[in-house]
Amino acid sequence: MFSPRTAPGSGRRQGRTTGRKSVSATSNSMLFSPRRTSARSTPTRVPSHAAAETFNYDVQTFGSSLPVKVMEALTMANADEQISVKVNESGWAWMVCGERLIIWKICQTAVAKLSVCKELQLPTSEYSYSADLVDVTSAAPLETASVQSVSILAVAAEGTLRWWPTLAQEGNYTDTEVDLGDLCNYVVAVTLQYRALMQGQGMLSGIGRRVSSLFGILSPPVNDALHSMLWVGGASCLYTLTNSRLNKWEVDDSYEHQILSWDVQKVLTESIIDAIWGSESNYEEMKEGANVTYLDLKLGQTAEPAISDQFNVEVTKYRLPFQSEEALLATRLVLPRSPGCCAFLYNDELVYACSTGMGRLVVPDEKISFSSPGDAVHGGGCCANLPVFFSQTSGLVVVVPRESVSILPETMEGSLCSSLTAAPEVSAMETPIRSEPVAQEDKTKLLKAAFLQFCRNDLVGAQTVTDELFPADGEEGSELDSVVTQINLDLVDDYPASDPRWAESVPDESTGFPLTSLIILHQLEDKMKAHGCFMDFLHQVGLLDRLRQVTVRSSSMATRLLLCEHAEKLQAAMVLKNHHSKHPELVNRAIGVALQRNAAVVPVSLTAADVFFREVSQISSVFDCLLDEEERTLKENPVDSVQWAEVVLTVNNIIKDVLQAAVQYRETKASIYRPAENVTAEPEYIPWTASGNVGGVRTVIFRQHELVLRSVYPHADSELRSTLCEQLVALLDLYFSGYVAQLTSLQQQQERYNSLEMEYSQRRSELLAPLLDLGQYQWVAGAG
């Protein structure tokens with residue numbers, strides 16, 4: 001997608017610029033609820049921005065040193081060559097210097113190492129290039145995409161398009177001339193297909209002939225200029241912001257569908273004017289003369305509810321001289337999606353940090369200058385959930401609040417702090433001495449302390465402690481894996497002892513079950529957030545790719561997959577908790593049996609459910625107990641009773657829904673737990689959803705299969721039989737998916753693969769044959 005070239009600095013190399021209508025010199029931002037992203041890099045403080053220069057923020061370097069090609073381009077650039085940089089949240093960055101395009105992958109740690117860096121030649125143009133005229137795309141997620149799968153799109157202002165199908169081959173590109181109807185201002189790479197958008201009614205239609213795309217020229221001109229476009233790849237959505245409207249389009253390989261058109265001029269402009277001048281005595285007069293221009297557009301939330309007229313407008317103190325209209329129009333917005341408390345406006349001389357009014361942390365507005373001799377801001381963006389800017393003298397830098405409010409949920413924050421105060425000699429602000437040996441128990445506490453620093457935005461301190469505990473040049477061993485898995489286990493099995501309200505607010509189950517349910521569900525959600533923060537931490541301090549394997553259920557497992565297992569069980573626990581609310585009597589009985597078997601004590605102030613759902617790692621113990629309760633109910637009730645049939649259907653649904661939630665998490669979040677590039681063979685992967693020990697999931701499904709077909713099916717009517725078979729096949733699909741996961745992990749172990757494949761075939765025949773014998777062909781056809 002292209003937009004018309006109207007921004008300052010879009011002129012010919014001799015300095016031609018384009019004019020725009022005058023605007024107010026006060027900039028204001030309207031921001032929605034933020035969302036969190038993965039991965040952050042390892043900053044260190046930038047010396048030129050001392051504590052005396054900024055009161056509420058730290059300016060820190062981001063990642064490792066810049067690639068040599070980037071440093072050379074900065075050094076050798078001519079005075080008339082415009083330098084422009086863009087930072088993508090996927091971790092890719094690119095710099096345009098003259099007609100040179102340098103693209104590189106930002107290293108995730110401060111330790112210098114080889115990183116992808118390619119230099120490409122842009123097509124000759126009469127006009128200056130900017131980084132906005134380039135975009136990257138990939139069929140795979142860009143965060144994990146290989147060099148071979150990354151494609152580059154660059155467009156000269158006058159319409160020469162250059163396309164590199166793969167970044168691995170700099171000389172392999174295709175040039176195409178596109179009639180834009182005007183100069184191009186920025187580019188968004190949406191899909192890999194060349195196609196024409198729907199004439200007269202597709203995306204960007206109604207905006208004017210000046211707005212074109214590589215897919216075709218759109219509708220006749222109208223008086224509505226495009227100010228910004230935003231492509232959200234994960235949701236396949238394109239947002240366009242014009243003078244008057246915010247539009248949202250869903251884009252597929254073959255169509256585009258408009259799902260939102262919001263009248264910005266009517267709804268938002270009046271609110272902005274009222275927020276700024278509403279208290280003035282001559283408000284009505286000022287209102288008539290006010291001119292609002294929208295400069296930039298960013299996404300700030302995961303869920304995308306329908307936009308309503310209810311929103312917050314934050315008025316910043318960001319001001320430029322009224323005569324500096326060009327500088328105002330060059331102002332851009334950076335909006336990190338988590339914790340969502342700060343937004344950043346920037347131009348080539350400064351970064352202006354301001355509060356969004358969202359979240360617990362409210363940081364004062366502050367101007368951070370980059371106007372010292374020889375310095376300038378050449379671009380920016382969000383990466384690793386941080387605001388990243390490219391400074392001429394310092395390279396990639398981040399601006400982070402000095403406030404130490406944690407991004408962790410309050411209950412988890414308190415619990416983590418409580419676990420550290422048990423050891424007075426361990427402090428979150430202390431760094432161990434490298435020459436002194438540190439016991440594994442103390443390493444666990446120290447790494448917890450580093451994690452806490454990370455969550456409080458002390459990224460430098462977190463990296464320092466981590467590097468001392470587990471130096472990059474140290475020997476890899478099982479200690480790192482043990483420490484990491486123990487901390488994550490502590491998070492998912494956490495009981496917030498530091499927050500007495502959790503226990504004291506739980507009423508007696510018979511009188512307050514709905515409140516109890518809500519408290520437990522919130523606790524599970526907080527644990528999932530904390531797990532996500534811990535995965536971010538491991539990635540950014542460089543530990544995730546160094547993890548190897550641990551022993552689980554008497555077998556070796558890749559450590560990263562055990563971390564994923566913990567999250568799967570959290571997801572499963574939340575689904576089980578919902579069933580607990582719907583079927584309290586049945587699930588409470590099963591929970592009671594599970595606790596008795598584990599000799600767990602239930603304190604007076606808590607319910608059995610509180611104790612059970614705290615220890616998330618043991619969540620699967622409820623399955624065997626549900627089957628025991630099912631068998632007891634079948635024996636105690638006559639065949640023609642409602643309870644007799646209901647208990648079987650309910651148990652089937654509970655087990656199916658809980659396991660499906662776990663498997664779905666594993667599949668959709670696979671990129672977070674991906675193996676390091678240098679890992680060759682890994683142990684056979686046996687998911688907890690495929691465990692075959694006593695009480696294991698595989699054993700439970702096998703037992704339920706036998707129970708349903710032997711004791712229930714013969715007494716059921718045709719309608720109940722059909723439902724039972726449908727549920728049973730869904731359980732068998734989950735059973736077989738465990739084998740598929742095992743087989744996938746054995747691609748390089750042919751002998752074991754062949755043996756397991758034979759076992760899988762035998763089990764499949766054994767479990768499906770009874771259904772075939774019963775004539776249930778329609779269900780068996782799609783099983784396994």
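Remember, it's a predicted structure, so these values are computed and weren't measured experimentally.

**Q** Any details on unusual backbone geometry? Residues and values, ideally.
**A** Leave glycine aside and you will find that most residues have negative phi; peptide bonds, for their part, are mostly trans. Within the chain, S554 stands out as a residue other than glycine whose phi angle is a positive 70 degrees. Among the secondary structure elements, S554 is positioned in the loop between β28 (549-552) and β29 (555-558). The exposed category is assigned to S554, whose relative accessible area is 75%. Here A599, not a glycine, exhibits a phi torsion of approximately 55 degrees, which is positive. Relative to the elements of secondary structure, A599 occurs in the loop between α12 (584-597) and α13 (608-614).

**Q** Which residues make up the packing of aromatic side chains, and what values go with them?
**A** Counted by the stated rule, this structure contains 15 aromatic pairs. Ring geometry for Y57 and F344: centres 6.3 Å apart, planes at 75 degrees, overall edge-to-face. Note that Y57 is positioned in strand β4 (residues 57-61) and F344 in strand β22 (residues 342-346), a separation of 287 residues in sequence. According to the relative accessible area criterion, Y57 is buried, its value standing at 0%.

**Q** Can you lay out the nonpolar core for me, pointing to particular residues and giving the numbers?
**A** Generally speaking, a soluble globular protein has its nonpolar side chains buried in company with each other. M95, W104, F451, F537 and F613 are the most contacted members of the largest nonpolar core, which totals 131 residues. When residues of this core are assigned to domains, at least three map to each of domain 1 (57-195 + 224-268 + 375-401) and domain 2 (406-419 + 438-547). If we skip the residues at most four places from it in the chain, F613 touches I520, L524, K527, A573, L576, K577, H580, I591 and I619. Among the nonpolar cores identified, the runner-up in size contains 30 residues, and I103, L142, I152 and A156 belong to it.

**Q** Which residues make up the confidence of the model for the chain, and what are the values?
**A** Summarising the model, the chain shows a mean pLDDT of 78, and 76% of its residues fall at 70 or more. With pLDDT under 50 throughout, residues 192-200 is counted as low confidence; its partners more than four residues away or in other chains account for 29 contacts. Scored below 50 in pLDDT, residues 206-221 shows 61 contacts in the model against residues more than four places distant or in partner chains.

**Q** Pulling in residues and values, what's your account of the sheet that holds strand β11 (residues 160-164)?
**A** Consider a sheet: its strands pair through backbone hydrogen bonds, and that pairing is either parallel or antiparallel. With respect to topology, 4 strands assemble into an open sheet ordered β9-β10-β11-β12, the strand pairing being antiparallel. In this open sheet, the two strands that pair with only one neighbour each are β9 (134-138) and β12 (174-177). Across the sheet, the mean angle separating the axes of adjacent strands is 20 degrees when strand polarity is ignored. As judged from the 5 bridges shared by β9 and strand β10 (residues 150-155), these two strands associate in the antiparallel manner. From the neighbouring strand, T137 faces β10, where its bridge partner is S151.

Scoring rules and cut-offs
Residues numbered from 1 in each chain as written. Predicted model: local features only at pLDDT ≥ 70, side-chain atom pairs only at ≥ 80, totals over all residues. Heavy atoms only, no water. Helix = DSSP H or I, 4+ residues; strand = E, 2+ residues; numbered from the N terminus. Buried < 20%, exposed > 50% of the residue type's maximum accessible area, 1.4 Å probe, protein only. Phe/Tyr/Trp six-rings, centres within 6.5 Å; stacked < 30°, edge-to-face > 60°. Core = buried A, V, L, I, M, F, W, Y, C linked by side-chain atoms within 4.5 Å. Domains from an automatic or database assignment. Contact = heavy atoms within 4.5 Å. pLDDT = per-residue confidence, 0-100. Pairing = 2+ DSSP bridges. Axes fitted to C-alpha atoms, helices over the stretch in contact; angles between N-to-C directions.

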